[in-house]
Amino acid sequence: MLDKRIEKSPVPLTKEDFASDQMVKWCPGCGGHAILAAVENVFPRIGYKKENFTIVSGIGCSSRFPYYVHTYGFHGIHGRATAIASGVKIANPDQSVWIATGDGDSMAIGGNHFIHIIRRNIDVNILLFNNQIYGLTKGQYSPTTPMGQVTKTSPQGTIENPFITAGLVLGAQGTFFARVPDNNVKLMTEVLYEAAKHDGTSVVEILENCVIFNDKAFSSVTSREKRVENQLILRHGEPMIYGKDNDMGIILKGTSLYAVKIGVGGITEKDILIHDQFNPDPGIHRMLGRMMGPDYPVVMGVIRSAKAPTYDDMVEEQIVNAKKSAKIQCVDDLLNSGDTWEI
Amino acid sequence: MAKQKNILELEDVVVKFVGDSGDGMQLTGTLFSDTAALAGNDLATFPDFPAEIRAPQNTVAGVSGFQVHLGQRKIFTSGDMCDVLVAMNPASLKANLKWAKPGATIIVDESAFDEKGIEKAGYKTSPLEDGSLNSYHLIKAPISVLTKESLSNVEIDKKMAEKTKNMFVLGMMYFLFQRNLDSTLDFILKKFSNKPEVVKANQVALKAGYNFAETVEAIASTIKVGPAPMEKGRYRNITGNIATSWGLLAASERSGRPLFLGSYPITPATEILMELAKHKSLGVKVFQAEDEIAGICSAIGASFAGSMAVTTTSGPGLSLKSEAMGLAVITELPLVIVNVQRAGPSTGMPTKSEQSDLLQALFGRNGEAPMIVIAASSPANCFHYAYMAAKLSMEHMTPVLLLTDGQMGFGSELFKIPKVADMPEINPPIAQPRDPDFKPYRRDSVTLARKWAIPGTEGLRHRIGGLEKTNIDGNVSTDPLNHELMVNIREDKVMRVANYIPEQEVFGDESGDLLVVGWGGTEGMLKSAVSQMQNEGHKISMAQFNYIMPLPKNTVDVFSKFKKIIVCELNNGQFVKYLRMTLPEFKYRQHNKVQGLPFHVKELSEVFTKILEEK
Ligand SMILES: Cc1ncc(C[n+]2csc(CCOP(=O)(O)OP(=O)(O)O)c2C)c(N)n1
Ligand code: SF4
Ligand SMILES: [Mg+2]
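Residues numbered from 1 in each chain as written. Chains lettered and ligands numbered in written order. Predicted model: local features only at pLDDT ≥ 70, side-chain atom pairs only at ≥ 80, totals over all residues. Heavy atoms only, no water.

Quick look at the overall build of chain A
Reasoning step 1: Along its length, chain A carries eleven helices and twelve strands.
Reasoning step 2: Here the C-alpha atoms of chain A give a radius of gyration of 22 Å, agreeing with the 20 Å that 2.2 N^0.38 yields for 343 residues.
Reasoning step 3: With the C-alpha coordinates of chain A rotated into their principal frame, the extents come out at 90 × 45 × 45 Å.
Reasoning step 4: Here chain A, with 343 residues, has 56% of them falling under the buried criterion.
Reasoning step 5: About 14,500 Å² of surface is accessible on chain A, with carbon and sulfur atoms providing 54% of the total. (Helix = DSSP H or I, 4+ residues; strand = E, 2+ residues; numbered from the N terminus. Rg over C-alpha atoms; globule rule 2.2 N^0.38 Å. Buried < 20%, exposed > 50% of the residue type's maximum accessible area, 1.4 Å probe, protein only. Areas by Shrake-Rupley, 256 points an atom, 1.4 Å probe, with all protein chains shown as cover.)

A look at the interface of chain B and chain A
Reasoning step 1: Counting from both sides, the interface comprises 69 residues of chain B and, opposite them, 60 residues of chain A.
Reasoning step 2: Taken together, the two surfaces of chain B and chain A that pack against each other cover about 5,300 Å², and 60% of this comes from carbon and sulfur.
Reasoning step 3: Contact with chain A buries surface across chain B, with Lys285(B), Arg461(B) and Arg463(B) losing the most and accounting together for 16% of the total.
Reasoning step 4: In this structure, the connection of chain B to chain A is made through four salt bridges.
Reasoning step 5: Among the ionic pairs, Lys49(A) bridges to Glu458(B), the shortest N-O distance being 3.3 Å. (Contact = heavy atoms within 4.5 Å. Buried area = accessible area lost by both parts, 1.4 Å probe. Salt bridge = Lys/Arg side-chain N within 4 Å of Asp/Glu carboxyl O.)

A few points about the environment of Arg179(A)
Reasoning step 1: Structurally, the position occupied by Arg179(A) is in strand 5 (residues 176-181).
Reasoning step 2: Distance from Arg179(A) to Leu207(A), taken between C-alpha atoms, is 7.5 Å for residues 28 residues apart in sequence.

Notes on the sheet that holds strand 5 (residues 82-87) of chain B
Reasoning step 1: Taken together, the nine strands give an open sheet; going across it, the order is 12(A)-9(B)-16(B)-3(B)-4(B)-2(B)-5(B)-6(B)-7(B), and neighbouring strands pair in mixed fashion. Where the open sheet ends on each side, the last strands, each with one partner, are strand 12 (341-342) of chain A together with strand 7 (137-141) of chain B.
Reasoning step 2: Strand direction decides the pairing type here: strand 2 (residues 12-20) of chain B and strand 4 (residues 63-71) of chain B, joined by nine bridges, are antiparallel. Counterpart to Val15(B) in the pairing with strand 4 of chain B is Val68(B). (Pairing = 2+ DSSP bridges.)

A closer look at the pairing of strand 12 (residues 308-313) of chain B
Residue and element names in this part refer to chain B.
Reasoning step 1: Counting buried positions along strand 12 gives six out of six residues, so the element sits mostly inside the fold.
Reasoning step 2: Sheet topology note: the strand 10 (residues 259-263)/strand 12 ladder contains three bridges and is parallel. Of the residues in strand 12, the one forming a bridge with Leu 261 is Val 310.
Reasoning step 3: As defined by bridge partners, strand 12 adjoins strand 13 (residues 335-341) across four bridges and the pair is classed as parallel. Residue pairing for strand 13: Val 310 is matched across the bridge by Val 336.

Considering the domain arrangement of chain B
All names here are of chain B.
Reasoning step 1: When its domains are assigned, chain B resolves into domain 1 (6-224), domain 2 (248-498) and domain 3 (512-613).
Reasoning step 2: The distance between the C-alpha centroids of domain 2 and domain 3 comes to 28 Å.
Reasoning step 3: Both faces considered, domain 2 and domain 3 share a buried interface measuring about 2,200 Å² in area, 63% of it formed by carbon and sulfur atoms.
Reasoning step 4: Of all residues in domain 2, Gln 355, Leu 358 and Ser 377 give up the largest surface area on contact with domain 3, accounting jointly for 29% of the area buried on that side. (Domains from an automatic or database assignment.)

Regarding the coordination of the magnesium ion (ligand 3)
Residue and element names in this part refer to chain A.
Reasoning step 1: Taken together, the protein ligands of the magnesium ion (ligand 3) are Asp 103 (OD), Asn 131 (OD1) and Ile 133 (O), with distances of 2.0 to 2.2 Å.
Reasoning step 2: The sequence pattern describing where the donors of the magnesium ion (ligand 3) fall on their chain is D-x27-N-x1-I. Of the two residues, Asp 103 is situated in helix 3 (residues 103-107) and Ile 133 in the loop between strand 4 (124-130) and helix 5 (165-171); the sequence distance between them amounts to 30 residues.
Reasoning step 3: Asp 103 gets classed as buried once you look at its relative accessible area, which sits at 2%. (Donors = N, O, S within 2.8 Å, 3.2 Å for Na, K, Ca; no water.)

Some points on the packing of aromatic side chains
Reasoning step 1: Summed over the entire model, instances satisfying the criterion amount to 27 aromatic pairs over all chains.
Reasoning step 2: Centre to centre, the rings of Phe65(A) and Phe129(A) are 5.7 Å apart; their planes meet at 75 degrees, and the pair counts as edge-to-face. Placement of the pair is Phe65(A) in the loop between strand 1 (53-57) and strand 2 (72-75) and Phe129(A) in strand 4, with a sequence separation of 64 residues.
Reasoning step 3: Residue class for Phe65(A) comes out buried when judged on its relative accessible area of 1%.
Reasoning step 4: When the ring of Phe559(B) is compared with that of Tyr588(B), the centres are 5.9 Å apart and the planes differ by 75 degrees; the resulting orientation is edge-to-face. Here Phe559(B), found in helix 19 (residues 555-559), pairs with Tyr588(B), found in strand 22 (residues 588-592); they are 29 residues apart in sequence, far enough to count as distant.
Reasoning step 5: According to the relative accessible area criterion, Phe559(B) is buried, its value standing at 1%.
Reasoning step 6: Taken together, Phe363(B), Phe545(B), Phe559(B), Phe575(B), Tyr578(B), Phe586(B) and Tyr588(B) form an aromatic cluster joined through their ring pairs.
Reasoning step 7: Over the ring of Tyr193(A) we find Arg45(A), and its NZ or CZ is 4.0 Å from the ring centre. (Phe/Tyr/Trp six-rings, centres within 6.5 Å; stacked < 30°, edge-to-face > 60°. Lys NZ or Arg CZ within 6 Å of the ring centre and 35° of its normal.)

A look at the sheet that holds strand 15 (residues 399-405) of chain B
All names here are of chain B.
Reasoning step 1: The mixed open sheet is built from seven strands, whose spatial order is 11-10-12-13-15-14-20. Each of the sheet's edge strands pairs with one partner strand only, and the pair in question is strand 11 (285-288) and strand 20 (547-549). Averaged over all pairs of adjacent strands, the angle between their axes in this sheet comes to 20 degrees, without regard to strand direction.
Reasoning step 2: Across seven bridges, strand 13 lies against strand 15 in parallel orientation. Across the sheet, Asn 339 pairs through a bridge with Leu 403, a residue of strand 15.
Reasoning step 3: Running over the sheet, helix 15 (residues 382-396) touches strand 12, strand 13, strand 14 (372-375), strand 15 and strand 20 and is turned about 165 degrees from strand 15. (Axes fitted to C-alpha atoms, helices over the stretch in contact; angles between N-to-C directions.)

Notes on helix 15 of chain B
Three- or four-residue spacings in an α-helix give side chains the same orientation, since the helix completes a turn every 3.6 residues.
All names here are of chain B.
Reasoning step 1: Helix length check: helix 15, at 15 residues, gives a terminal C-alpha distance of 21 Å against a target of 21 Å (1.5 Å per residue), a fit within 8%.
Reasoning step 2: Of all the 15 residues making up helix 15, 14 are buried; the element is thus mostly covered by neighbouring parts of the structure.
Reasoning step 3: Phi turns positive, to about 50 degrees, at Met 397, one or two residues after helix 15. (Expected span 1.5 Å × (residues − 1).)

Comments concerning the site of ligand 2
Reasoning step 1: Around ligand 2 lies a shell formed by Trp26(A), Cys27(A), Cys30(A), Cys61(A), Asn131(A), Cys210(A), Val211(A), Ile212(A) and Phe213(A).
Reasoning step 2: Here the residues of the shell around ligand 2 are counted per class, giving eight nonpolar, one polar and no charged. (Near = heavy atom within 4 Å. Nonpolar A, V, L, I, M, F, W, Y, C, P; charged D, E, K, R; others polar.)

A closer look at the nonpolar core
All names here are of chain B.
Reasoning step 1: Judged by nonpolar contacts, the single largest core of 165 residues is most densely connected at Phe 559 and Phe 575.
Reasoning step 2: In terms of residues, this core owes the most to one element, helix 15, which gives ten residues.
Reasoning step 3: Each of domain 2 (248-498) and domain 3 (512-613) gives at least three residues to this core.
Reasoning step 4: Ranked by size, the runner-up nonpolar core spans 49 residues in total, among them Leu 31, Phe 66, Ile 143 and Phe 177. (Core = buried A, V, L, I, M, F, W, Y, C linked by side-chain atoms within 4.5 Å.)

Observations concerning the pattern of salt bridges
Reasoning step 1: Applying the stated criterion across every chain, the model contains 35 salt bridges over all chains.
Reasoning step 2: Here Glu275(B) and Lys278(B) are joined by a salt bridge, their closest N and O atoms 3.1 Å apart.
Reasoning step 3: Given the relative accessible area of 59%, Lys278(B) is considered exposed.
Reasoning step 4: Linking Asp557(B) and Lys561(B) is a salt bridge whose minimum nitrogen-to-oxygen distance equals 3.7 Å.
Reasoning step 5: Under the relative-accessibility criterion, Asp557(B) is labelled partly exposed at 46%.
Reasoning step 6: Within this structure, Asp3(A), Arg5(A), Asp312(A) and Asp313(A) form a network of salt bridges that share partners.

Below, the structure written as structure tokens:
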């Protein structure tokens, strides 16, 4: 549900209400442009007052984002967007708080704050621009760069296992995780709307093409030719079916998921798993999030959206309860509490 | 019938209670202090905890102590050496004898000096028998045994009975100081209200101790410390960390900005985090972050969102916060950073105090990142300086770093309770909805403060951040002249705070042969030495700085009226370096100590005397 606490705009808003007067300085062809388009689509649709959006970012190409949307914005320091945004949301829960961060910003230097904001389930929305590279600093490998990839700091190929973002988020007890390719603005807009509706930390991983330093990093999944074969777009309540003839699907056998062809080996549509994004048990969600080629499709859409209390709500609740029962209602009460005496 | 005892009248007395961690010395010391305060004494206290949480029983590592300095005059410090030492076991005697004045009264629990106890303390022979205490006034009493005997009619288990021996010894001390038992009896009643037998045991033990002291011959005289002349008013005892917490709460209430604390536990600052966490009824939001960086960053976010934001830490944590402090400087947001100093570098000596971080506070950031730096100088005035830190930060829209230290943080003294309504007003420059002139970096022409535009306010959407911005408009800019302008404005803004802080005061005559200069937590120690030498007729005065960046406007004036200046610090000379670079026209001598210990009056008077004698 959209947050009842956040005041709605009295008039319908449009894209133009959020258009910034700043020049967008991302490279032409950068995936960032599509993310901006999706956000401009979704903010008016969410319908909160335009003063009730705050965008916080760290440092990186992706973190330029706040300048390009006309809201309250805070461009922080490298890795700390999640920590800064935690403060914004706890202090001012009437804001709809959005975080723009890169793969390095969130999972290298900011890894600590990233897992903790997720674990606390603070009600913010994280746009994770994953281009599997450090863009702003011109092409060093990041914590999501695939093993063996040659980059400026790995001339012989990296020798590090990358994070799978979904695994990290769900491992940190994430309540909302979605993945979208940057070349499907329609899906991204839908997913961002779902993220806004979720109570708690929502992480939306956007597979973002960096045309300059990591071009086509996701093309085996996102290119026009490959995407139908290699993407499974999840929809709640629908079977996990994909492929150009809609004849591929996911089944659960034993404790593992398998990609199968319907009609082969006695598999029928009834055997295909139905997606339940609201399932509190993250087991299947974790398996879905980890799936990748060549044996599996890459899952897109909302993988998990589980109900759980949010940190910021509980903060407010504790204050309300404390005010009801406490003897100390103002600082003068406090100063004069306990042992005092007159001289 | 007890013999009539003599009465020894004293200006001031230092008492130290020491024992094993489990012996309840902190409580004993606190109750003794409260009773002294009720009797009108001025006082200051300092606890001396073991570094280990559960050190082996009855070893030197497990000794816990509580020192109180009380007087019928103004008391400046918790005292150097003690006049009365109460030692509950051999280990505590061993660890603390060096802090007893020659001829001091030593009260020991004789029952604890058995073979095992003596050996565990690392003594070869019993110090009670081998003559090593001959130069002291030793009062031996089998306290544990007597306590148990006194409880023979109370239904209580052995362990509990053993535990009340601290009340027995407190009773003895109350006789020695001719104190009234009522407030302690009352305290016991309230504390154990649902355990009547425990109330009875403690009260019986307290009275038994008092009666025993009255009859025992070893106590030939009682001590009288009369009421100190004090300003009329309502008082309480307070530690520096609590005073800091309350000063912040008062500033939040007075300014109308809700308090947000983002912090990570670290000795000796943790108590502020714990204290503020208790006061949700005052609307405080306390965020225990995953590390110090998240502590300050969440506070910066909260400040952007309109809260009076605070982060608290100690030296190593301050190092972690450096980058984010620069962010608060460039975004020109209010933020109070409290640093309760401890001995460094690195982990250093966490439980020992030191004036360790002044240079870090002044200069420990990348780029030109000026910051207001204030230091509290006594446990009670932490309240005032925390309040002022918040006031200056919000009114001038720039971060303020408040320095206290472990000695102040844990130490206590009497605090005259103010009324919040009597505290100076705090008026943050909050931008009004739909202000047509609003620009992120448009400034007040006098203070140079920008406006605080709080998310949610209509018509004020804007972006700020760590990238350099154009003045007024706040657009990202690498323009060379704009950068220089912004650097200079941020500096000027901090320097102009000198117009809003009090002038530097001098303790003693405004001119003379020697000016003793200190800052922060050494105030009481320096004052004790200086006032003693003033009484001896020396032309010596003292200037203790609380406002460090910027310095009070009259600092040059103050310095120029003395023939010699000596800067005394519990570090290797940080303030003196700063003075040499900011006011190079003066010659500064320096006296430094970096032992994790306070200055002692004797060492200071020796240093000052020597300088005064120099040609
Ligand atoms: C403390 C600190 N360390 C390093 C940097 C340099 N730096 C800036 S952005 C960046 C990496 C950005 O990568 P990512 O988060 O993936 O963002 P992208 O540019 O790819 O969007 C680095 C290393 C910095 N600004 N601050
Ligand atoms: S360098 Fe890469 S990530 Fe950065 S703006 Fe250009 S394309 Fe986008
Ligand atoms: Mg990146």
